[in-house]
Every structure is written in structure tokens, then in C-alpha cells.
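Residue-level structural notes
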Amino acid sequence: MPLEPPEAQAVKTLTWQLDGRSSRSSQQAPDGAAQPATAPAAAPAAAQPEEDPDLIGLDIWPASIALCRYLTNHPELVAGQRVLELGAGMSLVGLLCAALGAQHALLTDYEPQVLAHLQDNAALNSLQQRCASLRLDWRQPAASLAPEQQGSWLRIVAADVLYASAVVQPLISTLRLLLHPEGVALIGHQVRRAIVLDPATRLPRLEDEDEPLEKFKAACAAAGLQHRLLSSRETCSNRDSDPMVLLAVGGPQARLAELPLLPSES
Ligand SMILES: C[S@@+](CC[C@H](N)C(=O)[O-])C[C@H]1O[C@@H](n2cnc3c(N)ncnc32)[C@H](O)[C@@H]1O
């Protein structure tokens, strides 16, 4: 079946309704024209114990729209590839990869209530033949994937997964386990900086750095993974939300320098 041109691609997802009674259907355009189903202002909480459901993935987070916009402009990065999505949530990004021609998209998350939506979302987009879902917990990634799947992924995508310092090391371990030596993970990230009281002025101000992002970049280097920023705050932000960055993480033989940068939106 011929694919629609990328600019015509849109992905439908079921997302959580805040009154908790039911889900609703939304349509997200990768060009960012559609607003996220909701755009929560605060950073999500860190991963919860398994007995306490972690429902942050039942919403669509703005970083996923930023990553979708990049992929829509560069469908060649995923066309024909096996793609694995980490922390998929409603899987806007993974579903878009399938719509852009990925050979197969493996949509993973650790929360059963999130995973329960993924096949429905694939079916809503007639992508069920090319998508599968899998419970994969970054704290125990080897438990989910057969040995032949490990070290085999040339393309991994993830949006808004670096939201707390506690997830940095588990994510690094997961990427190390899954990435092919030439593999590339494309990560959409929403910059979040803590508000601190300036000791000199006694006024509140934003911290200079996004702590989880900085820790993640340092941990990549320590783990033998390459990383490269594909955007800057100026070139990648959704209107009316915090700045976004796109980060590429590569195995030791990945050619990150060949990846296209996100152009300025001037
Ligand atoms: C902020 S949400 C982002 C969801 C989606 N990628 C998006 O951008 O809309 C973070 C996602 O990471 C998942 N997650 C958190 N901790 C995880 C873990 N230890 N293993 C796997 N997934 C995890 C959550 O269930 C959630 O779906």
C-alpha cells in the first residue's frame, strides 16, 4: 500500500481522560499543528513502584511532538528499519515511525495500563501489522528481550524519558544493552530547570542546567556511548511550551555526524 506523503501523515491515539472514566481519541499532526491532548505544565513524577500504577504515559507529552516533527522531515531515518520505542506512552512517535515506512515498530513501556492502549492505537491507524507492544522496564531490560534482540537495534526512539535523575542510569543501561554498535537512538526532550532561590538576590530564578539532561550526557560518555545535540533551544520549541532539544545517542561505531540537524525556524 503506498504511503501518504509525510506532510499528510497524522497519528491518532487514545489518551486518558482526566476524569478517569474513559479514554478519548485524538489526532496528532507531526507538524505540530494539533495541540497535545493536554500539555501538563509540571514535570512528571519519577518512576513508581510496580504496585502503584504510573499513569504519566497515558498523556501525550510535547517532546514527542518535537521528535515527530524531526522524523517527518527526515523519514529516511526510519523507513525500512526495525524501530524500538522506549517509554512509548501513547506511542505517538513509534506509530509515526511505522506510518513513515518503518519495517516494524516495537512499542515498549513498563506500565501495564499504558501498554493496554498500544495495540488499539496501532489499530486506529491501521498499523497493527507493523507494530507490536512489549513490556520493557529500563531497570531490567534484559528480562524482556531475547538475547538475539539485544545489541541489534539500529533505530531507537524515545520522547520525554529524561524527566528525573533517577531514570538516567537505567536508561543508559537499556541503551547500551539494545543499541547495535552502529545504532542510533533519537531522543526528544523537554528542557526542565528547577526554580531555586538565588542566595544573592533572594529572588526565585531558574537553575542554569537541566540536571537529568546534563547527567545523561555525562553518563553516555562514561558508558562508551556517543551523543550529539541535533537542535538547540532556539531551533526546536513548540509554541506555548518549554524549550525542546533533540539528542542523538549512538553506539561506538554510529556516524552521528551524518545525522541532519534541525534547521532554524526563522
Ligand atoms: C513522560 S512519559 C512520555 C510518554 C511518551 N513518550 C510521550 O512523550 O508522550 C514517560 C514514559 O516513560 C515510561 N517509563 C517510566 N519509567 C519507566 C521504566 N522504568 N521503564 C520503562 N518505561 C518507563 C512511562 O510509563 C511513560 O510512558
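Residues numbered from 1 in each chain as written. Predicted model: local features only at pLDDT ≥ 70, side-chain atom pairs only at ≥ 80, totals over all residues. Heavy atoms only, no water.

1. Quick word on the site of the ligand
- Around the ligand, the surrounding shell holds 20 residues, and the nearest of these are Trp61, Gly87, Asp109, Ala159 and Tyr163.
- Measuring from an oxygen atom of the ligand, one finds a backbone N or O atom of Trp61 at 2.9 Å.
- In this structure, Ala88 approaches the ligand through a main-chain N or O atom, which is 3.5 Å from a nitrogen atom.
- A total of 600 Å² of accessible area belongs to the ligand in isolation, and the protein chains cover 98% of it.
- Here the shell around the ligand is built from residues that sort into 11 nonpolar, 4 polar and 5 charged. (Near = heavy atom within 4 Å. Polar contact = N/O pair within 3.5 Å; in protein donor to acceptor, adjacent residues only side chain to side chain. Areas by Shrake-Rupley, 256 points an atom, 1.4 Å probe, with all protein chains shown as cover. Nonpolar A, V, L, I, M, F, W, Y, C, P; charged D, E, K, R; others polar.)

2. Focus: the pattern of salt bridges
- One pass over the full model with this rule turns up 6 salt bridges.
- Here Arg192 makes a salt bridge to Asp160, at a shortest N to O gap of 2.9 Å. Of this pair, Arg192 sits in the loop between β7 (179-190) and β8 (195-197) while Asp160 sits in the loop between β6 (153-159) and α4 (168-178); the two residues are 32 residues apart in sequence, bridging distant segments of the chain.
- Across the salt bridge formed by Glu258 and Arg255, the nearest N and O atoms sit 3.2 Å from each other.
- The exposed category is assigned to Arg255, whose relative accessible area is 55%. (Salt bridge = Lys/Arg side-chain N within 4 Å of Asp/Glu carboxyl O. Helix = DSSP H or I, 4+ residues; strand = E, 2+ residues; numbered from the N terminus. Buried < 20%, exposed > 50% of the residue type's maximum accessible area, 1.4 Å probe, protein only.)

3. Comments concerning the nonpolar core
- Counting residues in hydrophobic clusters, the biggest one holds 41 residues, and the most contacted among them are Leu71, Leu186 and Leu259.
- Mapped onto this core, the elements with two or more residues apiece are α1 (62-73), α2 (92-99), β4 (104-109), α3 (112-124), β6, β7 and β11 (244-250).
- A per-element tally of this core places α2 first, with 7 residues.
- Judged by nonpolar contacts, the second largest core, of 32 residues, contains Tyr163, Ala164, Ala223 and Val249. (Core = buried A, V, L, I, M, F, W, Y, C linked by side-chain atoms within 4.5 Å.)

4. Overview of α3
- In a regular helix each residue adds 1.5 Å, so 13 residues correspond to 18 Å; α3 covers 19 Å between its end C-alpha atoms and thus fits that length.
- One side-chain oxygen at the N-terminal end of α3 lies 3.1 Å from the backbone nitrogen of Gln113; it belongs to Glu111.
- With its phi angle positive at about 55°, Ser126 sits one or two positions after the end of α3. (Expected span 1.5 Å × (residues − 1).)

5. A short note on the side chain of Ser64
- Locating Ser64 in the fold gives a position in helix α1.
- Beyond its immediate sequence surroundings of up to four residues, Ser64 is in contact with Leu92, Val93 and Ala159. (Contact = heavy atoms within 4.5 Å.)

6. Description of the sheet that holds strand β10 (residues 226-229)
- Read across the sheet, 7 strands follow the order β5-β4-β3-β6-β7-β11-β10 without closing on themselves; strand pairing throughout is mixed. Each edge of the sheet is formed by a strand with only one pairing partner; in this case those strands are β5 (131-135) and β10. Pairs of neighbouring strands in the sheet enclose a mean axial angle of 20°, with direction left out of account.
- Examined bridge by bridge, strand β3 (residues 82-86) and β4 share 4 bridges and lie parallel to one another. If you follow Arg82 over to β4, its bridge partner there is His104.
- Strands β6, β7 and β11 of the sheet are contacted by α1, whose axis makes an angle of about 125° with β7. (Pairing = 2+ DSSP bridges. Axes fitted to C-alpha atoms, helices over the stretch in contact; angles between N-to-C directions.)

7. What about the confidence of the model for the chain?
- On average, residues of the chain carry a pLDDT of 83, and 77% of them reach 70 or more.
- Confidence drops under pLDDT 50 across residues 1-8; counting only partners more than four residues distant or on other chains, this segment forms 10 contacts.
- Counting interchain partners and residues more than four positions distant, the pLDDT-below-50 stretch residues 17-24 has 14 contacts. (pLDDT = per-residue confidence, 0-100.)

8. With respect to the environment of Lys215
- Within the secondary structure, Lys215 sits in helix α5 (residues 211-222).
- Given the relative accessible area of 41%, Lys215 is considered partly exposed.
- Placed 47 residues apart in sequence, Lys215 and Val168 show a C-alpha to C-alpha distance of 7.1 Å.
- Not counting chain neighbours up to four residues away, the residues in contact with Lys215 comprise Ser165 and Val168.

9. Some thoughts on the pairing of β7
- In terms of burial, β7 is a largely internal element, 9 of the 12 residues being buried.
- When β6 meets β7, the two strands line up parallel, connected through 6 bridges. The residue bridging Trp153 from the neighbouring strand is Leu179, located in β7.
- Where β7 lies against β11, 7 bridges are found, and the strand directions are antiparallel.

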